[in-house]
Amino acid sequence: GNEFEGLSPAAIEGADVELFIPMRGMIQSLNLSVATAICLSEVCRQRAVSENPDGYAISEQDQRKMAGELSLKRRNYRN
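The structure displayed is predicted, hence computed values, not measured ones.

Rules used throughout
Residues numbered from 1 in each chain as written. Predicted model: local features only at pLDDT ≥ 70, side-chain atom pairs only at ≥ 80, totals over all residues. Heavy atoms only, no water. Helix = DSSP H or I, 4+ residues; strand = E, 2+ residues; numbered from the N terminus. Areas by Shrake-Rupley, 256 points an atom, 1.4 Å probe, with all protein chains shown as cover. Salt bridge = Lys/Arg side-chain N within 4 Å of Asp/Glu carboxyl O. Buried < 20%, exposed > 50% of the residue type's maximum accessible area, 1.4 Å probe, protein only. Contact = heavy atoms within 4.5 Å. Patch = residues over 30% accessible without salt bridge, like charges linked within 9 Å, V, L, I, M, F, W, Y side chains within 5 Å.

### Considering the overall build of the protein
In terms of helices and strands, the protein carries 3 helices and 0 strands. Carbon and sulfur atoms form 55% of the exposed surface of the protein, whose accessible area is close to 7,800 Å².

Below is the structure:
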């Protein structure tokens, strides 16, 4: 995306999730690396305060399944 128009309709349609990061002050946009860092930081914060932080562990079987699905998405991205 860009600061004037944001993400293209094709980029939004191809996304698994659409989210909003609230910003204060003069900042009107974030680059991808900063937005990613904010999201990952929030995931870690929520897991740390969870009553069952070990409940987020992913089995090796599920990890392989997720990796395969991601690989498939990447191969089909330009088709």
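Okay, back to it.
### Details of the pattern of salt bridges
This structure, assessed with the given rule, holds 2 salt bridges. One salt bridge in this structure joins Glu42 and Arg45, with 2.7 Å as the shortest N-O distance. Separated by 3 residues within a single helix, Glu42 and Arg45 lie in helix α2 (residues 32-49), roughly one turn from each other. Assessed through its relative accessible area of 44%, Arg45 is described here as partly exposed. Glu60 serves as the salt-bridge partner of Arg64, at 3.8 Å between the closest nitrogen and oxygen. Taken as a pair, Arg64 and Glu60 lie in helix α3 (residues 60-76) at a separation of 4 residues, close to a single helical turn.

### Quick word on the environment of Ile38
Position of Ile38 among the secondary structure elements: in helix α2. When sequence neighbours within four positions are dropped, the list of residues in contact with Ile38 reads Ile21 and Leu30.

### Here's the deal with a nonpolar patch on the surface
Residues Met23, Ile27, Leu30, Val34 and Ile38 make up a contiguous nonpolar surface patch of about 370 Å² in total accessible area. Accessibility expressed as a relative area gives 36% for Ile38, which makes it partly exposed.

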